[in-house]
Amino acid sequence: MGDGEPRVPTAIAVTSADMALPPQDERTLPAAVLQDVDRRPMEQVLTDLQTLVDQHGHVIVVCSQAVPASVERRLHTVRALLETDRVALFRPPLPPLGLAVLARQLRQLASCDLGPGVLASAGRLLTHYIHAGALLGSVARLDRVPVDLKAHARSWVPGSQFGVVAHPVPQLVKVGPEAALAGPEFGTSLLVAKGQLAPDWVTGTLAPSWRVQGLREAALPAESPDWWGTARLTEFCAYLPDLSVLYQLVTSVRRSACHWCGIDVIGDRCVFCSATPPDYDDGGGNGRGGGRDRALGHRRDPALGRRRERRALTG
């Protein structure tokens, strides 16, 4: 792309329409929806993803861990058939509403002057600033958060409700006068998605205790009842809404070039080619020389030490 040409924004894709939240601001780009990737013919899904790559250069697919295994398999298969490192499959450990919020934050950032590798890496960074949970009518089938026997027993008491935070730190309390959940220590907005349980405790008790600066409602993602183990729920997510804050967070982190594909990234793993920094064995017994070279940003010749590269599927 020559000087003066507009940069084509990286595409942010989701696997269902209900994971494409309405824009947070006027700069939020639309999400690309890869609907029914495990049910449609392979050729159609291949064509859709290839078209996105052709139009945008790079594609980041944000996928919930609650989707059927067939969806994940199909996405990996299509990515392999395209024989490209320009498609990133990102599956952070967030509940569905939290994942939809993260995808929207990436859609906000996609409008900025961030390269695709930095944008994909930003997903890992921003995950740490999302507080995602739910108000549940039962925890009998909840397996995403540790549940003790007492809480399981209380699940059978009619009218019992439980406040649960799944991320960043698991928490579970039985809703009552003294019930409280630890929240973010920074200013956030709260998104609430009502299922088959009234959101009164979330909006009337949790939101004030977390001192949220804004409260909005959204439709409950279809994957949420399966993720939380019950349809008697209201899901919520506290997040950073302002693009300027998100941009400052991402750009404050040091960038480096991926040793495998050369794309600029932040953090220790390239989300596109799945490469992690190489380990060096200098044969000197303490490995300090290799660490010093890496800290200085030097690239070692493999002849100077045995390089061990670890490549894994992006998760």
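Refer to the preceding data block for the structure.
Fair warning: this is a prediction, and the values are worked out from it, not measured in the lab. The numbering scheme is per chain: residues are counted from 1 as the chain's sequence reads. Local features in a predicted model are, by the rule used here, given only for residues with pLDDT of at least 70; side-chain atom pairs are given and counted only at 80 or more, and totals for whole chains, interfaces and linings are based on all residues. Side-chain metrics in this entry use all non-hydrogen atoms of the structure; hydrogen atoms and water are not considered.

So, the packing of helix α1 (residues 42–56) against helix α2 (residues 69–82)
Here is step 1 of the chain: In this analysis an axis means a line fitted to C-alpha atoms, helices contributing only their contacting stretch, and an angle means the value between N-to-C directions, from 0 to 180 degrees. Put simply, DSSP marks the helices as runs of H or I at least four residues long and the strands as runs of E at least two long, and each gets a number from the N terminus on. At their nearest, the axes of α1 and α2 sit 10 Å apart, and the two run at 65° to each other. The two elements α1 and α2 meet at a crossing, and its hand is right-handed. Within the contact between the two elements, α1 uses Met42, Val45, Leu46, Leu49 and Gln50 and α2 uses Arg74, Thr77, Val78, Leu81 and Leu82.
Here is step 2 of the chain: Of the residues belonging to the contact of α1 with α2, the class tally is 7 nonpolar, 2 polar and 1 charged. Crossings are sorted by hand: turned counterclockwise from the far helix by less than a right angle, the near helix makes the crossing left-handed, and turned clockwise it makes it right-handed. Two residues form a contact once any of their heavy atoms are found within 4.5 Å. Residue type decides the class: Asp, Glu, Lys and Arg count as charged, Ala, Val, Leu, Ile, Met, Phe, Trp, Tyr, Cys and Pro as nonpolar, and the leftover types, Gly among them, as polar.

Considerations on the layout of surface pockets
Unoccupied space between atoms shows up once a probe the size of one water molecule is rolled over them.
Here is step 1 of the chain: Grid points spaced at 1 Å over the protein atoms alone were grouped into cavities, where a 1.4 Å probe fits but cannot get out, and pockets, open sets with protein on both sides within 12 Å along at least five of seven lines, with lining residues defined by an atom within 4 Å of a point. Grid points are joined across faces, edges and corners, and a volume is the space filled by probe spheres set on the points. When its volume is computed, the second largest pocket comes out at roughly 220 Å³.
Here is step 2 of the chain: In terms of lining residues, the second largest pocket is bounded by 13 residues, among which Thr15, Ser16, Asp36, Pro68 and Glu223 are the most central.
Here is step 3 of the chain: Residues of the lining of the second largest pocket, tallied by class, amount to 5 nonpolar, 3 polar and 5 charged.

What about the nonpolar core?
Here is step 1 of the chain: Ranked by internal contacts, the top residues of the largest apolar core, which has 46 residues, are Ile60, Leu109 and Val250.
Here is step 2 of the chain: Among the elements that make up this core, the one with the highest residue count is helix α3 (residues 96–109) (8 residues).
Here is step 3 of the chain: Sequence-distant contacts of Val250, defined by excluding residues within four places in its chain, comprise Leu109, Leu114, Val118, Ala122, Leu125 and Ile266.
Here is step 4 of the chain: Listed in part, the 19 residues of the second largest apolar core include Ala11, Ala32, Leu49 and Val71. The term nonpolar core refers to a set of buried residues drawn from Ala, Val, Leu, Ile, Met, Phe, Trp, Tyr and Cys, joined through side-chain atoms within 4.5 Å. Think of it in three bands: residues with accessible area under 20% of the maximum for their type are buried, residues over 50% are exposed, and the middle band is partly exposed, with areas taken using a 1.4 Å probe on protein chains only.

A word on the packing of helix α4 (residues 116–127) against helix α8 (residues 243–251)
Here is step 1 of the chain: Viewed as axis vectors pointing N to C, α4 and α8 meet at an angle of 100°, and their least axial separation amounts to 10 Å. By the criterion of interaxial angle, the relationship of α4 to α8 is roughly perpendicular. Contacts between α4 and α8 involve Val118, Ala122, Leu125 and Leu126 from the former and Leu246, Leu249 and Val250 from the latter.
Here is step 2 of the chain: Here the residues of the contact of α4 with α8 are counted per class, giving 7 nonpolar, no polar and no charged. Angular relationships are summarised with four words: roughly parallel below 35 degrees, roughly antiparallel beyond 145, roughly perpendicular across 65 to 115, and oblique for the angles in between.

A word on the sheet that holds strand β5 (residues 131–136)
Here is step 1 of the chain: Only strands joined by at least two bridges in the DSSP assignment are considered to pair. One open sheet holds the 6 strands; their spatial order is β7-β6-β5-β10-β8-β9, and the pairing between them is mixed. Only two strands of the sheet have a single neighbouring strand rather than two, namely β7 (171–174) and β9 (215–218). Ignoring which end each strand starts from, the neighbouring axes of this sheet average 20° apart.
Here is step 2 of the chain: Of the strand pairs in this sheet, β5 and strand β10 (residues 233–239) are connected by 6 bridges, and their pairing is antiparallel.

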